[in-house]
Amino acid sequence: MKALSEKEINDKLEQFEGWDYSENAIHTTIEFRDFKDAFSVMTRIAFEAEKMQHHPDWSNTYNTLNISLSTHDAGGVTEKDFKLAKIIDDLVS
């Protein structure tokens, strides 16, 4: 899978609320009601990521989840990252 150009990434990001592009990855921060809700969503994302064999770089502090997506094998952001971002958005909404 080939990495997308910066223009392609920014064009695609117009369809994603709350995501941005920097440091060769797309990023979002999601706040939940509490730790339990944040961890529950992380678990659901983990199952989807495992099915795709595409795993996010993420961190969790109490009710806040920070996610970065990049396809390391391709050296940048690919369609695979946007597919996982869509799944994440669908799980959160």
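What counts, and where the lines are drawn
Residues numbered from 1 in each chain as written. Predicted model: local features only at pLDDT ≥ 70, side-chain atom pairs only at ≥ 80, totals over all residues. Heavy atoms only, no water. Patch = residues over 30% accessible without salt bridge, like charges linked within 9 Å, V, L, I, M, F, W, Y side chains within 5 Å. Areas by Shrake-Rupley, 256 points an atom, 1.4 Å probe, with all protein chains shown as cover. Salt bridge = Lys/Arg side-chain N within 4 Å of Asp/Glu carboxyl O. Helix = DSSP H or I, 4+ residues; strand = E, 2+ residues; numbered from the N terminus. Buried < 20%, exposed > 50% of the residue type's maximum accessible area, 1.4 Å probe, protein only. Pairing = 2+ DSSP bridges. Axes fitted to C-alpha atoms, helices over the stretch in contact; angles between N-to-C directions. Polar contact = N/O pair within 3.5 Å; in protein donor to acceptor, adjacent residues only side chain to side chain. Contact = heavy atoms within 4.5 Å. Core = buried A, V, L, I, M, F, W, Y, C linked by side-chain atoms within 4.5 Å.

Caption draft 1: The arrangement of a nonpolar patch on the surface in detail. Together, Phe35, Phe39 and Tyr62 make up an exposed nonpolar region whose accessible area comes to about 330 Å². Residue placement: tyrosine 62 occurs in the loop between strand S3 (57–61) and strand S4 (64–69). By relative accessible area, which is 51% here, tyrosine 62 ends up exposed.

Caption draft 2: Representation of the pattern of salt bridges. This model, assessed by the stated rule, comprises six salt bridges. A salt bridge links lysine 12 to glutamate 79; the nearest nitrogen and oxygen atoms lie 3.3 Å apart. Here lysine 12 is found in helix H1 (residues 6–13), whereas its partner glutamate 79 is found in helix H3 (residues 79–92), with 67 residues between them in sequence. A relative accessible area of 23% places lysine 12 in the partly exposed class. Accessibility expressed as a relative area gives 40% for glutamate 79, which makes it partly exposed.

Caption draft 3: How the structure looks around the sheet that holds strand S2 (residues 25–31). The antiparallel open sheet is built from four strands, whose spatial order is S1-S2-S4-S3. On the outer flanks of this sheet lie strand S1 (20–22) and S3, each paired with one strand and no other. Recorded for the sheet is a direction-independent mean angle of 25 degrees between the axes of neighbouring strands. In terms of strand pairing, S3 meets S4 through five bridges, oriented antiparallel.

Caption draft 4: Just the side chain of histidine 27, in detail. Following the sequence through the fold, histidine 27 ends up in strand S2. Here the side chain of histidine 27 touches serine 22 through a polar contact of 2.8 Å, landing on its backbone oxygen. For histidine 27, the side chain forms a polar contact with the main-chain oxygen of alanine 25, separated by 3.3 Å. In contact with histidine 27, other than residues within four places in its own chain, are Gly18, Trp19, Asp20, Ser22, Ile67 and Ser68.

Caption draft 5: Molecular detail of the nonpolar core. In terms of nonpolar packing, the biggest core is built from 23 residues, with Trp19, Ile26, Ile67, Leu69, Phe82 and Ile88 touching the most fellow members. Counting only elements with at least two residues in this core, the list comes to H1, S2, helix H2 (35–52), S4 and H3. Ranked by residue count, the leading element in this core is H2, at six residues. In this structure isoleucine 88 touches Trp19, Ile30, Ile45, Ile67 and Leu69, once residues within four positions along its chain are discounted.

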